[in-house]
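# Observations on chain architecture
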Amino acid sequence: MSTGSRNTWEAWARFVPPLACVSTREPCPDPMATATRLARAGLAGQYVVYEADGGVWHFAAGSDVSVTADTGGITARAAGRTWTSRTDGRPLAAFAGALSALRDEDDEGSRGEQNAGGSHFYGWAAFELAHLLHADPASAGDRPLLHAMVPSVEVTLGGDSTVVRAVDEAWARKVADLLAEPAAGQPSARDEPVREGTEGIIAAGSAAYGRAVARTVGDIRAGLLEKAVVSRKVPLPAERHPDFPATYLAGRRANTPARSYLLDLGGYRAAGFSPETVLEVGDDGRVSTQPLAGTRALGADPAENERRRAELLSDPKEIHEHAVSVRLAWDEMAAVCSPGSVVVEEYMAVRPRGSVQHLASRVTGRLRPDTGPWDAFASLFPAITATGVSKRAALQTLARHEDGPRGLYGGAVFRGSTGGALDAALVLRTLIGTGDEAWLRAGAGVTAQSSPEREIEETCEKLRSVAPHLRFSAD
C-alpha cells in the first residue's frame, strides 16, 4: 500500500532523528498521574499520552517530525523542512507509504538497536476517512484525515520500570528533571469537579436526536441497511475552558477502558476512555479487533447491575445488534488474513466500561504475507460499532441524519511502530476540542427494533462516562 514518490519519503526519513539516548529508571508509583504531569509540562507543541494493554502508559512529545494527509495531498515535516505529494484520493495509502520509509531507515541499522520493534509514531484518523474507504468520497471534506507525530522524546511507564528514549541529551535531561520532581500535593482549583449542570449538559440536543433515530429506523425498515450508529454532538459552554489533563486524570480513575489517551496533536485536543480497539496488530502479524455492541447502564448497586446484565444478555434487539457486528468484523478480517486463521476467540461476554456495560466479542486472525497493518486498518476502519451494517449504507445514512461531520469522534487514536505493530483505539467516551470549541459526543446502535426514547437514554448513559468528570480551567 503506497502512493506518492518513494524518493520523497526516503529523503524525509533521513532527516528523522532516532531516539538514540535511552535510559531506564525505577518504576513510578502512579504511572497514570506521571504521564498526565508530563503532558501538562508543555515540553513541545504536540504530545500524546496513550494507555496500552496491560496497564502501560506511553508519553510522547515533539514538534519537529509529523505527517498529515487529506483527500488531495500529504505533507511531511522534519528538521524545519517540508515535503509534499499528491494523494490522488488515497490518503491512507500515501500516509502508510510515508511511514514505511522510516522502516527502511531502521533496516539500515541507524536506529533499530536503540528501539526494540522499530521507531514509534503516534497519531489519529478522522472519521471522515471512512467515506473514502467505503462510501462517497465527496463526503470526506477537505480537512486533514490522518496525522502522525514521530516523537523527540518517549517515556514508557510500566510496572517494572520507566524507560526514557530521546533524540539527544537535552531532551533526556528535561524529562529526567520532571520525573525527579515530587508528585503534586493538594488539588488545585482547576481540579474541582463540575457539581452542577451535568445532566443539563448530557440532555442537550436529545429531542433532535430522537427525530434522527426515527428517520434511521424508517430507512432500516425500508431495507436500506441493517444498522446505523447514530450520534449526537453535545457542545460545552463557550465561556468554560476544559482542562484536558485534569479531565483525563479524573475520568480515567473512574473508568475501565480498553484504552485511554490524552493528546494535543494535529489540531485536536482530546481526553478519552475508549471502550474498544479498532484493531491490534503485533510485530508477528497477529491481528485482532474487539467489537462492542449492546449496552446497559452500570451503577453503584450490584444487584441492579446484575439485573441489567441479565436483561442485556436476553434482549433480542441488543443480541441482534451485536451478532451482525461480529459477522461483519469476521468478513473484514478475512479480507486481509490468511485463509482459516480467522476465529472468534470470545463471543458476547459482558464488559464494564465506566458508566455502562457492553456485550463484547474478539475476532482474531493472522495477516497474509502480502498484507500489512495499514491494509488491516483500511479494512476494519472505522469500527463497525461506530458506523453500522453495511458500512457503505450506514455511512450514507449518517451523512443524511447526523449534525455535521464527526471529525475525531468515531475515528481512531493510534500508536504504531515501524516494526509492523499498530494499536488503534476507537474514539468514543471522549472530550474533544479544536480551536475555541469543545464538545462531547455519543451514539447508539439503531436497528429496526429501536425506539427513539431508548436510544436517547443509551446516549445519556454513555455520556455519563465523561461528563461528571469534566474539569475546567480556573481562569
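Rules of the game
Residues numbered from 1 in each chain as written. Predicted model: local features only at pLDDT ≥ 70, side-chain atom pairs only at ≥ 80, totals over all residues. Heavy atoms only, no water. Core = buried A, V, L, I, M, F, W, Y, C linked by side-chain atoms within 4.5 Å. Buried < 20%, exposed > 50% of the residue type's maximum accessible area, 1.4 Å probe, protein only. Helix = DSSP H or I, 4+ residues; strand = E, 2+ residues; numbered from the N terminus. Contact = heavy atoms within 4.5 Å. 1 Å grid on protein atoms, 1.4 Å probe; cavity = no way out; pocket = protein on both sides within 12 Å on 5 of 7 lines; lining within 4 Å. Points joined across faces, edges and corners; volume = space filled by probe spheres on them. Nonpolar A, V, L, I, M, F, W, Y, C, P; charged D, E, K, R; others polar. Axes fitted to C-alpha atoms, helices over the stretch in contact; angles between N-to-C directions. Left-handed = near helix turned anticlockwise from the far one by under 90°. Pairing = 2+ DSSP bridges. Parallel < 35°, antiparallel > 145°, perpendicular 65-115°, else oblique.

## Observations regarding the nonpolar core
W12, F95, L129, L279, W374 and F377 are the most contacted members of the largest nonpolar core, which has 78 residues in total. With 8 residues, the top contributor of residues to this core is helix α3 (residues 91-107). Setting aside chain neighbours within four positions, we find L279 in contact with V287, S288, P373, A376, F377, L380, L422, D423 and A424.

## Points about empty space enclosed by the protein
By the definition in use, this model includes 3 cavities of 30 Å³ or more. The volume enclosed by the largest cavity comes to roughly 240 Å³. Around the largest cavity, the lining is made up of 27 residues, and of these T385, L428, R429, G443 and K462 lie nearest the centre. Secondary-structure elements contributing two or more residues to the lining of the largest cavity are β11 (227-235), β16 (292-297), β23 (437-446) and α13 (452-463). Broken down by element, the residue count for the lining of the largest cavity peaks at 6 residues, all from β23. Considered class by class, the residues forming the lining of the largest cavity number 12 nonpolar, 7 polar and 8 charged.

## A word on the packing of helix α7 (residues 206-221) against helix α12 (residues 391-401)
Two elements in contact, α7 and α12, have axes whose closest approach is 10 Å; the angle formed by their N-to-C orientations is 145°. For α7 against α12, the interelement crossing comes out right-handed. Taking contact as the criterion, the partners of A212, R215, T216 and D219 in α7 are, on α12, T397, R400 and H401. Residues that form the contact of α7 with α12 fall into these classes: 1 nonpolar, 3 polar and 3 charged.

## Regarding the pairing of strand β5 (residues 73-78)
Most of β5 sits inside the fold, with 5 of its 6 residues counted as buried. Alignment of strand β4 (residues 66-69) against β5, held across 4 bridges, turns out to be antiparallel. Note that in β5 the partner of A69 across the bridge is I74. Between β4 and β5, which follow one another and run antiparallel, lie 3 residues. Taken together, the 6 bridges between β5 and strand β6 (residues 81-86) define a ladder with antiparallel strand orientation. By the bridge assignment, A76 is partnered in β6 with W83. In this structure, the hairpin formed by β5 and β6 is closed by a connection of 2 residues, where A79 is found at a positive phi of approximately 55°.

## Here's the deal with the packing of α7 against α13
Packing of α7 against α13 leaves a shortest axis separation of 9 Å and a crossing angle of 125°. Judged by the inter-axis angle, α7 sits oblique to α13. Pair α7 / α13 crosses with right-handed handedness. Residues S206, Y209, G210, V213 and A214 of α7 form the contact with α13, whose participating residues are P452, E455, I456 and T459. When the residues that make up the contact of α7 with α13 are grouped by side-chain class, the tally is 5 nonpolar, 3 polar and 1 charged.

## Things to note about the sheet that holds strand β13 (residues 268-274)
On the basis of which strands lie adjacent, the open sheet formed by 11 strands has the order β1-β10-β9-β3-β2-β12-β13-β22-β23-β11-β19 and antiparallel pairing. The open sheet is flanked by β1 (21-25) and β19 (388-389), the only strands paired with a single partner. One ladder, built from 5 bridges, connects strand β3 (residues 56-62) with strand β9 (residues 153-157); its direction is antiparallel. Each bridged residue has a counterpart across the sheet, and for F59 the counterpart in β9 is V155. Taken strand by strand, helix α2 (residues 31-40) contacts β2 (46-52), β3, β9 and β12 (259-265), and its axis lies near 10° from that of β3.

## Thoughts on the environment of A335
Here A335 shows up in the loop between α10 (316-334) and β17 (343-353). Residue A335 is classed as partly exposed on the basis of its relative accessible area, which comes to 45%. With residues up to four places along the chain from it excluded, the contact list for A335 reads R368 and S379.

## What to know about the environment of P237
You can see P237 is positioned in the loop between β11 and α8 (244-254). A residue is classified by how much of its surface remains accessible, and P237, at 31% relative accessible area, is partly exposed.

## A closer look at α12
Buried within α12 are the following residues: K391, A393, A394, L395, T397, L398 and H401. Buried-residue contacts for α12 involve α4 (129-134), α7, β11, α10, α11 (373-380) and β19.

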